Amino acid sequence: IRGRGLSTFLPNGLNSTNGNSDCAHEQNAPTSGVIGGDKNQYFYRDLFISSQVAECRPFLREFCTTQQFDAFINKRLTDPHSAEALFFDETIEAKKNESKLRVRKAKTPFLLSA
């Protein structure tokens, strides 16, 4: 899926690998399509979907309503530094590191420790 990454739509500081903290954590952010209960811990589903390529949006609308996706997001919100979250984040970074266009490679210490 092209577009802005999932971690962009999680609260500031929850992206454990690259510190990306743009978008979504704004005071004027919409309240529809928000997952999470604590006022500082939420995921902007609608913003995430609208930021993706148009042909992917119908799939994402359905996928983001599944119980599995909800469990994934809630796990990320409640325990962002869990082994599962680190594995997910660093697997994405490792894949991005394979690009010849990416000059500065991201570190993936969790993947290297296994």
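Scroll up to find the structure.
Worth saying up front: this structure is predicted, and the values here are computed from it rather than measured. Sequence order sets the numbering: in each chain, residues are counted from 1 along the sequence as written. Selection of residues for local features in this predicted model requires a pLDDT of at least 70, selection of side-chain atom pairs for listing and counting requires 80 or more, and totals for whole chains, interfaces and linings are taken over all residues. Neither water nor hydrogens contribute to the side-chain values; these are computed over all heavy atoms in the structure.

A. Expanded view of the packing of aromatic side chains. For Phe, Tyr and Trp, rings pair up if their centres lie within 6.5 Å, where Trp contributes its six-membered ring, and each pair is then called stacked (planes under 30 degrees apart), edge-to-face (over 60) or tilted (otherwise). In total, this model carries six aromatic pairs according to the counting rule given. Between the aromatic rings of Phe43 and Phe69, the centroid separation amounts to 5.7 Å while the plane-to-plane angle is 65°, which identifies the pairing as edge-to-face. Of the two residues, Phe43 sits in strand E2 (residues 43-44) while Phe69 sits in helix H3 (residues 67-78), which places them 26 residues apart along the sequence. Only protein chains enter the calculation, and the probe is 1.4 Å; a residue is then buried if its accessible area is under 20% of its type maximum, exposed if over 50%, and partly exposed in between. With a relative accessible area of 6%, Phe69 lands in the buried category. Judged by centre distance (5.0 Å) and plane angle (65°), the rings of Phe72 and Phe88 are edge-to-face. Of this pair, Phe72 sits in helix H3 while Phe88 sits in helix H4 (residues 83-97); the two residues are 16 residues apart in sequence, bridging distant segments of the chain. Taking relative accessible area as the criterion, Phe72 reaches 24% and is therefore assigned partly exposed. An aromatic cluster of three or more residues is present, and its members are Phe43, Phe48, Phe59, Phe63, Phe69, Phe72 and Phe88. Elements are defined by DSSP. Helices are runs of H or I of four residues or more, strands are runs of E of two residues or more, and each kind is numbered from the N terminus.

B. Fine view of H4. Taking 1.5 Å of rise per residue, 15 residues should cover 21 Å, and H4 covers 20 Å from first to last C-alpha, within 8% of that figure. Ala85, Leu86, Asp89, Glu90, Glu93 and Asn97 are the residues of H4 that are buried. Buried residues along H4 cover an arc of 110° about the axis, so they all sit on one side. Projecting away from the buried face of H4 at angles above 90 degrees are the exposed residues Glu84 and Lys95. Residue contacts are counted whenever heavy atoms from the two residues lie within 4.5 Å of one another. Against the buried residues of H4 lie H3 and helix H5 (109-112). A helix is expected to reach a length of 1.5 Å times the quantity of its residues less one. Starting at the helix axis, one direction is taken to each C-beta atom, and the arc is that of these directions.

C. Geometry of the pattern of salt bridges. Here, a salt bridge means any side-chain nitrogen of Lys or Arg that lies within 4 Å of a carboxyl oxygen of Asp or Glu. Evaluation of the coordinates by the stated rule reveals four salt bridges. Arg102 is the salt-bridge partner of Glu93, the closest N and O atoms lying 2.8 Å from each other. Taking relative accessible area as the criterion, Arg102 reaches 22% and is therefore assigned partly exposed. The shortest N-O distance in the salt bridge between Glu98 and Lys95 comes to 3.3 Å. A relative accessible area of 57% places Glu98 in the exposed class.

D. Structural context of the packing of H3 against H4. Every axis corresponds to a line fitted to the C-alpha atoms, with the helix fit spanning only the stretch in contact, and the corresponding angles, defined between N-to-C directions, vary from 0 to 180 degrees. Viewed as axis vectors pointing N to C, H3 and H4 meet at an angle of 105°, and their least axial separation amounts to 9 Å. Taken as axis vectors, H3 and H4 run roughly perpendicular relative to one another. Contacts from Phe72, Lys75 and Arg76 in H3 reach Glu84, Ala85, Phe88 and Asp89 in H4. By the convention adopted, Pro, Cys, Tyr, Trp, Phe, Met, Ile, Leu, Val and Ala count as nonpolar, Lys, Arg, Asp and Glu as charged, and the other residues, Gly among them, as polar. In terms of residue class, the contact of H3 with H4 is built from three nonpolar, no polar and four charged. Each angle gets one of four labels, with under 35 degrees taken as roughly parallel, over 145 as roughly antiparallel, 65 to 115 as roughly perpendicular, and the rest as oblique.

Any link to function would need more than the numbers given here.
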